[in-house]
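One-letter residues, chain by chain:
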Amino acid sequence: MNDLVVARGTRVAARKVAGEMVILSADDSSLYVLNDIGTAVWEAVDGRTPLSTIVDDVVCRDYEVDRDSALRDVQEFVAGLMSHGVLAEVR
Amino acid sequence: MTEKAGCAAESRGDILPAVPLPSGVVIEVGNIPVGLNTSDPALVGLLEHRFDRFLRPDRIPAFQFDVTVVPQGTFDPEADLTVVASDGRWTLRRGDFRAEWDAGKRRGWIRQTLNPYAIDSVLRIVHTLVLAAEGGFLLHASSAVRGGRAVLFTGPSGSGKTTIARLAPPDVTLLTDEISYVRRTGDGYTAFGTPFAGELGESGESTSAPIAALFRLDRGADNLHERLGDAETVRTLMRNILFFATDRSLTRHLLDTACDFAARVPAYRLAFAPDARVWSTIQ
């Protein structure tokens, strides 16, 4: 899971509004509004960088959080978005 | 032989058309006339009654549908609405109708049982698709014009859209108590009246006005309103916009439009007690 690499889904539209990422699914018109950490992770996701590196370079650098709990929270957040096709695992 | 036939056709053309003119109605909502061609007089009667304020026989339709009435029981009456796009053709299905629409050719057909609701649904869907491409949307909202400017009241069922419309003073013109029609115009957005009625069971007026404000309805003891941030406005819009497409390009357009609307039109949370004072609050 630490080496998980994800990319943004191909069936979504996303816009940053007042610091929050607003994501609309083309499949079922579901709407996702990410908080500031979620937005930072979304912006860092590029289909190449492992999730653990994103947590180190983006989340732990910019927010005062414990690394293990940050990684756990981000993994949970990413898994949730993957289950709706908003993010996709890169193999 | 050919010449004689040609001459005969020409001379007869002065008296009778060579091809029977299609009968039907033209329904214009949001300045977009849609032609519904049908030879069924009972359906024409139903449509003329339901859409009476929006009939525009003088307009050339931007889109046309050939409508055929089929017997009850032709379709599964329990079938939910599905909207599917493939190669520019949209297929619409529900328990009371089947329809296809070629957006590029601006033509389509509808097979439906004898009721006014199938056309109502097809019109809503076609308008959402047209508006999504050009920068507009249909919104679950009542809307009204006062002093030449429109206000929208959005929220889910039970939030008070119809109540606030009922409470409108006499100088207010109701555009709709259920589905608002929003188009980008110039530097802002314009609301148009719609025939898509809610609990009032009465269509809005066929008029339009630039939108001054959007209100998200909350029931409350006092009449108060507070400004919504842009992100909350986009969230509110996306929860209440009618959208049927699963097309990625239209989805992007729609989100762009919602963000643009939020940047241009002030939006407020409105808590209101159900009495006429609410209209003083928002003035």
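In this text, all values refer to a predicted model and were calculated from it rather than measured experimentally.

1. A closer look at the sheet that holds strand E2 (residues 12-17) of chain A
Link 1 in the chain: Strand order across the open sheet formed by 3 strands is E2-E3-E4 (chain A), with antiparallel pairing between neighbours. Edge positions in the open sheet fall to E2 and strand E4 (31-34) of chain A, since each of these has one partner strand only. Direction aside, neighbouring strands of the sheet carry axes that sit 20° apart on average.
Link 2 in the chain: Relative to E4(A), strand E3 (residues 20-25) of chain A runs antiparallel, the two being bridged by 4 bridges. The residue of E4(A) that forms the bridge with A:Leu24 is A:Leu31.
Link 3 in the chain: Along the sheet, helix H5 (residues 230-240) of chain B contacts E2, E3 and E4 of chain A; its crossing angle with E4(A), the most-contacted strand, is approximately 165°.
Link 4 in the chain: Sitting on the sheet, helix H6 (residues 248-264) of chain B is in contact with E2 and E3 of chain A, with an inclination near 15° to E2(A).

2. Things to note about the pairing of strand E13 (residues 208-219) of chain B
All names here are of chain B.
Link 1 in the chain: Here strand E9 (residues 149-154) runs beside E13; their pairing, made up of 5 bridges, is parallel. Note that in E13 the partner of Thr-154 across the bridge is Arg-216.
Link 2 in the chain: When strand E12 (residues 188-192) meets E13, the two strands line up antiparallel, connected through 3 bridges. Residue pairing for E13: Phe-192 is matched across the bridge by Ser-208.
Link 3 in the chain: As judged from the 6 bridges shared by E13 and strand E16 (residues 267-272), these two strands associate in the parallel manner. Counterpart to Asp-218 in the pairing with E16 is Ala-271.

3. Focus: the interface of chain A and chain B
Link 1 in the chain: Listed per partner, the contact involves 13 residues of chain A and 17 residues of chain B.
Link 2 in the chain: Secondary structure elements with two or more residues in the side of chain A that touches chain B: E2, E3 and E4 of chain A.
Link 3 in the chain: Here the side of chain A that touches chain B is built from residues that sort into 8 nonpolar, 1 polar and 4 charged.

4. A closer look at H6(B)
Link 1 in the chain: Across its 17 residues, H6(B) extends 24 Å between first and last C-alpha, which sits within 8% of the 24 Å expected from 1.5 Å per residue.
Link 2 in the chain: For H6(B), the complete set of buried residues consists of B:Leu250, B:Thr251, B:His253, B:Leu254, B:Leu255, B:Thr257, B:Ala258, B:Cys259, B:Phe261 and B:Ala262.

5. A short note on the packing of H5(B) against H6(B)
Residues and elements named next belong to chain B.
Link 1 in the chain: Interaxial distance between H5 and H6 falls to 9 Å at its minimum, and their mutual angle equals 130°. Judged on the interaxial angle alone, H6 and H5 are oblique. Of the two elements, H5 crosses H6, and the hand of that crossing is right-handed. Contacts between H5 and H6 pair Asp-230, Thr-233, Val-234, Leu-237 and Met-238 from the former with Ala-258, Cys-259, Phe-261, Ala-262 and Ala-263 from the latter.
Link 2 in the chain: When its residues are assigned to classes, the contact of H5 with H6 shows 8 nonpolar, 1 polar and 1 charged.

6. Things to note about the domain arrangement of chain B
Residue and element names in this part refer to chain B.
Link 1 in the chain: In terms of domain boundaries, chain B breaks down into domain 1 (20-134) and domain 2 (136-281).
Link 2 in the chain: Of the residues lining the interface, 18 residues belong to domain 1; the matching set on domain 2 comes to 22 residues.
Link 3 in the chain: Breaking the side of domain 1 that touches domain 2 down by element, the ones donating at least two residues are strand E4 (82-86) and helix H3 (117-134).
Link 4 in the chain: Considering each element in turn, the side of domain 1 that touches domain 2 owes the most residues, 10 residues, to H3.
Link 5 in the chain: Broken down by class, the residue content of the side of domain 1 that touches domain 2 amounts to 10 nonpolar, 3 polar and 5 charged.

7. Some remarks on the nonpolar core
Residue and element names in this part refer to chain B.
Link 1 in the chain: Core analysis: the biggest nonpolar cluster contains 94 residues, and Ile-27, Val-122, Ala-150, Leu-152, Ala-191 and Ala-258 have the highest contact counts within it.
Link 2 in the chain: Here this core takes 8 residues from H3, the largest share from any one element.
Link 3 in the chain: Composition of this core by domain shows at least three residues from each of domain 1 (20-134) and domain 2 (136-281).
Link 4 in the chain: Setting aside residues up to four positions removed in sequence, Leu-152 forms contacts with Leu-139, Ala-141, Ser-143, Ser-180, Ala-191, Ile-211, Leu-214 and Phe-215.

Criteria and cut-off values
Residues numbered from 1 in each chain as written. Chains lettered and ligands numbered in written order. Predicted model: local features only at pLDDT ≥ 70, side-chain atom pairs only at ≥ 80, totals over all residues. Pairing = 2+ DSSP bridges. Helix = DSSP H or I, 4+ residues; strand = E, 2+ residues; numbered from the N terminus. Axes fitted to C-alpha atoms, helices over the stretch in contact; angles between N-to-C directions. Contact = placed C-beta atoms within 7 Å. Nonpolar A, V, L, I, M, F, W, Y, C, P; charged D, E, K, R; others polar. Expected span 1.5 Å × (residues − 1). Buried ≥ 20, exposed ≤ 12 C-beta atoms within 10 Å, placed from the backbone. Parallel < 35°, antiparallel > 145°, perpendicular 65-115°, else oblique. Left-handed = near helix turned anticlockwise from the far one by under 90°. Domains from an automatic or database assignment. Core = buried A, V, L, I, M, F, W, Y, C linked by C-beta atoms within 7 Å.

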